[in-house]
Amino acid sequence: MGALWRWQDSGNYEEFYMRAHQSGNPDANQYTPVYNALPAWQLYYGERFSTPILYDFDEWTHVKIVVSGKYADIYIKDMDNPALTVDLLREVKTGRVGLWAMRGPAHFTDFSFTPMSNPTIKGTPTEPEDAPAGTVMSWSVSDAFDGTSLDGKFTLAEGDKQNLTWTTLACERTGLANLAKVQGLGEGKNTVYARVTVTSDREQMKMLRFGFSDRVKVYFNDQLVFGGSDVFNSRDYRFLGTIGFHDGLCLPLKQGENEIWMAVSEAFGGWGVQAKFDDMEGIAVIGTVKVSEKGGVRIHTYLSDALQATHIIESANSLMLVDAQFMAPFAREFRSYADGLGKPIERVIISHGHPDHFFGLGAAFDDMSDRIYALEGVRQFIETAGPGMLEGMKPRLGDAAPDKIVAPTQVIEPGTETIDGVQYEFVRHEDGEASEQLVIRLPGLNTLILQDLAFNGLHLYMANNTLDGWIAILESLQSLGGYDTVLCGHGEPGGMSVIAANIAYLEDVMEILGKVDNAEDFKAQLLAKYPDLGATNYIDMSAPALLPGR
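The text that follows walks through the structure, step by step, so that each part is easy to find.

The rules behind the values
- Residues numbered from 1 in each chain as written.
- Predicted model: local features only at pLDDT ≥ 70, side-chain atom pairs only at ≥ 80, totals over all residues.
- Heavy atoms only, no water.
- Phe/Tyr/Trp six-rings, centres within 6.5 Å; stacked < 30°, edge-to-face > 60°.
- Helix = DSSP H or I, 4+ residues; strand = E, 2+ residues; numbered from the N terminus.
- Buried < 20%, exposed > 50% of the residue type's maximum accessible area, 1.4 Å probe, protein only.
- Lys NZ or Arg CZ within 6 Å of the ring centre and 35° of its normal.
- Axes fitted to C-alpha atoms, helices over the stretch in contact; angles between N-to-C directions.
- Parallel < 35°, antiparallel > 145°, perpendicular 65-115°, else oblique.
- Left-handed = near helix turned anticlockwise from the far one by under 90°.
- Contact = heavy atoms within 4.5 Å.
- Nonpolar A, V, L, I, M, F, W, Y, C, P; charged D, E, K, R; others polar.
- Pairing = 2+ DSSP bridges.
- Core = buried A, V, L, I, M, F, W, Y, C linked by side-chain atoms within 4.5 Å.
- Polar contact = N/O pair within 3.5 Å; in protein donor to acceptor, adjacent residues only side chain to side chain.
- Salt bridge = Lys/Arg side-chain N within 4 Å of Asp/Glu carboxyl O.

### Points about the packing of aromatic side chains
Item 1. Overall, the coordinates contain 21 aromatic pairs when judged by the stated rule.
Item 2. An angle of 35° between the planes, with centres 4.9 Å apart, marks the rings of F145 and Y193 as tilted. Residue F145 is located in the loop between strand 8 (138-142) and strand 9 (166-170), and its partner Y193 is located in strand 11 (residues 191-200); the two are separated by 48 residues in the primary sequence.
Item 3. Relative to F226, the ring of F210 lies with its centre 5.0 Å away and its plane at 90°, an arrangement referred to as edge-to-face. On the criterion of sequence distance, the pair formed by F210 in strand 12 (residues 204-213) and F226 in strand 14 (residues 223-229) is long-range, its members being 16 residues apart.
Item 4. A residue is classified by how much of its surface remains accessible, and F226, at 18% relative accessible area, is buried.
Item 5. By way of ring pairs, the aromatic residues F145, W166, Y193 and W261 are connected into one cluster.
Item 6. Across from the ring centre of W41, 5.3 Å away, lies the NZ or CZ of R19, which sits over that ring.
Item 7. Just above the ring of Y75 sits the side chain of K64; from NZ or CZ to the centre is 4.4 Å.

Laid out in structure tokens, this is it:
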């Protein structure tokens, strides 16, 4: 029996309830978010979500819940000191309040609720532990199906993988993926695939540790390699079936892409999965990595699923990182991959002030703020505008948003530096893809790091609307001699032809803008001209600035 609040509908709300039969035990009560009608105490357990209480029987028990923003104080018997303070996991929304009971009769009296503005939270919630290095921080989740369809299926054929609808689910800060956030149970629909692709730079063995609730079948490169069940009470009357990194597989990775499909079935108490690799050397999970070597220096390009590119210059004794990713899961994996190289990070350099390049600092680089560099104008912009940008984007990003904004503290001065034997030429440009951005020339490696001054295989983001200036910058870079490699901010590494392709694209954009008077025609003509480029959403994002009032 317990209380509900922020009720959106019959399947989505916050919940706290008491387990009188567990009086005095650690799970004598429980807070849980409810998604798609699935409470999840098997996923959310321990001192963050419950507390031992000795209940008094055959008499009334006073309970008070104070909710303020992301937190709730829960008082039981003692109305002055909260028994439990929780960090609420659903987003902050207005909703209904109510009471509920599950088994047997329940008696309530003197129920009331009082709307208040910012009530005081007295307690301090227990901080969650951050996901360990190597944790999978995002999954592709299929629509639900009948788990019995996999009975006796030891190999996934192409037909088994067709006609599935996939949703990207970012893990919580702890690395937990609550599958109920994107799927609910239905008649004959109790199972989903949670899928990740692991890219490896060579053939190697990697230990994967994982947890699930309630049953799982693991397919590795289409072959069944594991099956298990942790259903509530399946082992003894106190077996709760809580999730943890309790199982492991040593996976023989091939060079290139490897697929892990976990068919996770729900029975009762929580629908979830989590996984982590013991080490990330030479692999990436939710993103992909392209590695090249020049003159004894290795260049690693980490690409998110949307082909956003961040880079690592690995020299003899240290690492230089360029940009930090946008979404928290990719930022954390990028950091984990860098740490797996076994060398200290000398600097993290932020190329310009667009959030898809600096948001990741707040998710994965807070511990090294004294080594985060940017041009002075970019540093000031992130410091002043970053918090507001984060608040505005949190509803869209959800769990993929960083916890906070971490701004650069160190200033990059244009000029030449030699760092760990590598010559870096830092060049400041104005009025390109952004109002101010940094280009890094590596003459000894014949490499230009252009970030968002060049996209490879994608439409351009043009909301800065400085196309003439952008073309002029690219033409000046095109005229440089001795370079054969271009590292972009979006798309895979390429050759100098990438610069020519971007110039041609911008010139075509300017020509089309002279012919059209509305965003729909602009997009249609640009797509007709470049039907094979990805990221068409950048056209929609750019059109209001390119066609103001049209």
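### A few points about the packing of helix 5 (residues 467-478) against helix 6 (residues 497-513)
Item 1. Direction vectors running N to C along helix 5 and helix 6 enclose 160°, while the axes themselves pass 10 Å from each other. Judged by the inter-axis angle, helix 5 sits roughly antiparallel to helix 6. Helix-helix and strand crossings are classified by hand; for helix 5 and helix 6 the assignment is left-handed. In this structure, helix 5 contributes L467, D468, W470, I471, L474, E475, L477 and Q478 to the contact, and helix 6 contributes I499, A500, N502, I503, L506, E507, V509, M510 and L513.
Item 2. Residues of the contact of helix 5 with helix 6, tallied by class, amount to 12 nonpolar, two polar and three charged.

### Re the pairing of strand 1 (residues 2-9)
Item 1. The pairing of strand 1 with strand 7 (residues 96-100) spans four bridges and is classified as antiparallel. The partner of L4 across the bridge, within strand 7, is G98.
Item 2. Two strands pair when backbone bridges link them, and strand 1 and strand 2 (residues 12-18) are joined in this way by five bridges, in the antiparallel orientation. Within strand 2, the residue paired with L4 across the bridge is E15.
Item 3. Where strand 1 folds back onto strand 2 in an antiparallel hairpin, the turn is made up of two residues.

### Thoughts on the sheet that holds strand 28 (residues 436-442)
The strands making up a sheet are joined through hydrogen bonds of the backbone, oriented either antiparallel or parallel.
Item 1. In spatial order, the strands read 26-27-28-29-30; together these five strands make up an open sheet with mixed pairing. Edge positions in the open sheet fall to strand 26 (415-419) and strand 30 (485-490), since each of these has one partner strand only. Put simply, the sheet's adjacent strands are angled 30° from each other on average, direction ignored.
Item 2. Alignment of strand 28 against strand 29 (residues 447-455), held across three bridges, turns out to be antiparallel. Within strand 29, the position partnered with L442 by the bridge is T447.
Item 3. Lying on the sheet, helix 6 is in contact with strand 29 and strand 30; it crosses strand 29 at an angle near 20°.

### Examining the sheet that holds strand 5 (residues 71-76)
Item 1. Pairing is antiparallel across the open sheet formed by three strands, whose spatial order is 4-5-6. Two strands lie at the open edges of the sheet, namely strand 4 (63-68) and strand 6 (84-87), each paired on one side alone. Each neighbouring strand pair of the sheet contributes to a mean axis angle of 15°, computed without reference to strand direction.
Item 2. Bridge count for strand 4 against strand 5 is six bridges, and the pairing is antiparallel.

### A closer look at the pairing of strand 11
Item 1. Of all 10 residues making up strand 11, eight are buried, and the element is well covered by its neighbours.
Item 2. Bridge count between strand 11 and strand 16 (residues 256-265): 10 bridges; the pairing is antiparallel. The residue bridging T199 from the neighbouring strand is E257, located in strand 16.
Item 3. Sheet topology note: the strand 11/strand 18 (residues 283-284) ladder contains two bridges and is antiparallel. Considered in strand 18, the bridge of S200 is made with I283.

### Notes on the nonpolar core
Item 1. Counting 92 residues, the largest nonpolar core has W139, F210, I260, M262 and F365 as the members making the most contacts within it.
Item 2. With residues near it in sequence (within four places) discarded, F365 still touches L321, A324, A331, F334, R335, V348, G360 and I372.

### Structural notes on the side chain of T135
Item 1. The topology assignment puts T135 in the loop between strand 7 and strand 8.
Item 2. Reaching out from T135, the side chain makes a polar contact with the backbone oxygen of P132 at a distance of 2.6 Å.
Item 3. If we skip the residues at most four places from it in the chain, T135 touches G175, A275 and K276.

### A few points about the environment of D110
Item 1. Note on placement: D110 falls in the loop between strand 7 and strand 8.
Item 2. Placed 48 residues apart in sequence, D110 and H62 show a C-alpha to C-alpha distance of 9.7 Å.

### Side note on the packing of helix 6 against helix 7 (residues 519-529)
Item 1. Between helix 6 and helix 7, whose axes approach to 10 Å, the crossing angle comes to 145°. Handedness of the helix 6/helix 7 crossing: right-handed. Residues Y505, D508, V509, I512 and L513 of helix 6 form the contact with helix 7, whose participating residues are F522, Q525, L526 and K529.
Item 2. Across the contact of helix 6 with helix 7, the residue classes tally to six nonpolar, one polar and two charged.

### A look at the pattern of salt bridges
Item 1. Applying the stated criterion across every chain yields a total of 31 salt bridges.
Item 2. Taking the shortest distance from any N to any O, the salt bridge between R173 and D130 comes out at 2.5 Å. Here R173, found in the loop between strand 9 and strand 10 (177-178), pairs with D130, found in the loop between strand 7 and strand 8; they are 43 residues apart in sequence, far enough to count as distant.
Item 3. Between E492 and K290 there is a salt bridge, and its shortest N-O distance comes to 3.7 Å. Of this pair, E492 sits in the loop between strand 30 and helix 6 while K290 sits in strand 19 (residues 288-294), placing them 202 residues apart in sequence.

### Observations concerning the side chain of Q274
Item 1. Topologically, Q274 is positioned in strand 17 (residues 272-277).
Item 2. Excluding anything up to four places from it in sequence, Q274 contacts W139, G175, L176, R209, F210, G211, I243, G244 and F245.

Coordinates in, geometry out; function isn't part of it.
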